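Listed here are the chains, written in short residue letters.
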Amino acid sequence: MVFRYPNGHPVVYDGAAKQKLQEKSKINFANRGMRFEEAINLSNEYYLNHKKTVVHKKPTPIQIVQVDYPRRSAAVIKEAYFKEASTTDYNGVYQGYYLDFEAKETKNKTSFPFKNFHRHQVQHMKNCLEQDGVCFVLLWFSTLERCFFLDSQTLIDHFENKNGKKSLPLSIIEKDGIEIFPEIAPRIPYLKAVDQFLCQTKEKL
């Protein structure tokens, strides 16, 4: 299948390759047979059921261009367009705060590549921060099986002042971020990091 971004550039969708990638990443997530994104989705479901927060994954609007019907009971999408550039993965509300965050993962052991973040995503984070939203990224080091909360302002500062650097060192993430330790339920207890970040922010005022 071919997807086309708003700028018209085609992206070939390889379903078989995606399935293999998902199967491989399933093994990497703390040996629990789950991908990072799926773990966050389950965590959001847990938080919602326990009335802790309301956070959902944002849908990506797609315009279908070509559909094949190999048989009456099935339809296969052959070509589609992303109608607009994506912003961040998740948003919602927590104790009166607007939450907006992105989830990223890498196999790197010592740094997180800046190429994983797009300029329009960084701009979206800036817009949220201007409205006093709680904006952050969840970073998953799949090889190390370590997860970090990093507030968006810190990410933006490093992203815009990278001076030729291609990645954010793990040492800086460890210093400026908050490590999140996976649990059974919720799988990714990121609200603990949000609470800690909010406390640190109030202390600075």
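Quick caveat: nothing in here was measured; it's all calculated off a predicted structure.

### Quick look at the sheet that holds strand S9 (residues 134-141)
In any sheet, the strands associate via hydrogen bonds between backbone groups, in a parallel or an antiparallel arrangement. Pairing in this open sheet of six strands is mixed, and the strands run S3-S6-S7-S9-S10-S12 from one edge to the other. Of all the strands in the sheet, just strand S3 (54-57) and strand S12 (178-180) have a single pairing partner and so form its edges. This sheet shows a mean twist of 25° between the axes of neighbouring strands, independent of strand direction. The sheet contact formed by strand S10 (residues 146-151) and S12 spans three bridges and is antiparallel. Each residue of the ladder has a partner; that of Cys147, found in S12, is Ile180. Packed on one face of the sheet, helix H6 (residues 190-204) meets S3, strand S6 (90-94), strand S7 (97-106), S9, S10 and S12 and runs near 165° to S12.

### Examining helix H3 (residues 119-130)
Given a rise of 1.5 Å per residue, twelve residues ought to cover 16 Å, and the 17 Å separating the end C-alpha atoms of H3 matches this to within 8%. Among the residues of H3, Gln121, Val122, His124, Met125 and Cys128 are the ones counted as buried. Down the axis of H3, the smallest arc covering the buried residues is 155°, so these residues share one side. Contact partners of the buried residues in H3: S7, S9 and helix H4 (152-160). Directly after H3, the chain includes Asp132, whose backbone phi takes a positive value near 65°.

### What to know about helix H2 (residues 36-49)
For H2, spanning 14 residues, the distance from its first C-alpha to its last is 20 Å, which sits close to the expected 20 Å at 1.5 Å a residue. Along H2, the positions that sit buried rather than exposed are Phe36, Ala39, Ile40, Ser43, Asn44 and Tyr47. The arc that holds every buried residue of H2, seen down its axis, measures 140°, which confines them to one face.

### Overview of the packing of H3 against H4
Two elements in contact, H3 and H4, have axes separated by 10 Å at closest approach and are oriented at 135°. Between H3 and H4, the crossing angle belongs to the class labelled oblique. The hand of the H3/H4 crossing is left-handed. Residues Arg119, Val122, Met125, Lys126 and Leu129 of H3 pack against Ser152, Gln153, Leu155, Ile156, Phe159 and Glu160 of H4. Grouping the amino acids of the contact of H3 with H4 by side-chain chemistry returns six nonpolar, two polar and three charged.

### What to know about a nonpolar patch on the surface
A grouping of Leu48, Val54 and Val93 is seen on the molecular surface, where their side chains present a nonpolar patch of about 210 Å² in accessible area. Along the chain, Leu48 turns up in helix H2.

### Side note on the side chain of Ser111
Counting through the fold element by element, Ser111 comes out in strand S8 (residues 111-113). A distance of 3.0 Å separates polar atoms of two side chains, one belonging to Ser111 and the other to Ser167. Those residues in contact with Ser111 that sit more than four places away from it in its chain are Thr106, Phe141, Ser167, Leu168, Pro169 and Leu170.

### Comments concerning the pattern of salt bridges
Per the stated rule, a full pass over the model turns up eleven salt bridges. With its nearest N and O atoms 2.5 Å apart, the salt bridge here joins Glu160 to Lys126. With Glu160 in helix H4 and Lys126 in helix H3, this pair connects stretches of sequence that are 34 residues apart. Take Glu160: its relative accessible area is 36%, and that puts it in the partly exposed class. Across the pair Glu179 and Arg146 runs a salt bridge, and its minimum N-O distance is 2.8 Å. With Glu179 in strand S12 and Arg146 in strand S10, the pair connects residues that are 33 residues apart, well separated along the chain. The class of Glu179 is partly exposed, set by a relative accessible area of 27%. Salt bridges sharing partners connect three or more residues here, namely Glu37, Lys57 and Asp89.

What counts, and at which threshold
Residues numbered from 1 in each chain as written. Predicted model: local features only at pLDDT ≥ 70, side-chain atom pairs only at ≥ 80, totals over all residues. Heavy atoms only, no water. Pairing = 2+ DSSP bridges. Helix = DSSP H or I, 4+ residues; strand = E, 2+ residues; numbered from the N terminus. Axes fitted to C-alpha atoms, helices over the stretch in contact; angles between N-to-C directions. Contact = heavy atoms within 4.5 Å. Expected span 1.5 Å × (residues − 1). Buried < 20%, exposed > 50% of the residue type's maximum accessible area, 1.4 Å probe, protein only. Arc of directions from axis to C-beta. Parallel < 35°, antiparallel > 145°, perpendicular 65-115°, else oblique. Left-handed = near helix turned anticlockwise from the far one by under 90°. Nonpolar A, V, L, I, M, F, W, Y, C, P; charged D, E, K, R; others polar. Patch = residues over 30% accessible without salt bridge, like charges linked within 9 Å, V, L, I, M, F, W, Y side chains within 5 Å. Areas by Shrake-Rupley, 256 points an atom, 1.4 Å probe, with all protein chains shown as cover. Salt bridge = Lys/Arg side-chain N within 4 Å of Asp/Glu carboxyl O. Polar contact = N/O pair within 3.5 Å; in protein donor to acceptor, adjacent residues only side chain to side chain.

Purely geometric numbers; function is a separate question.
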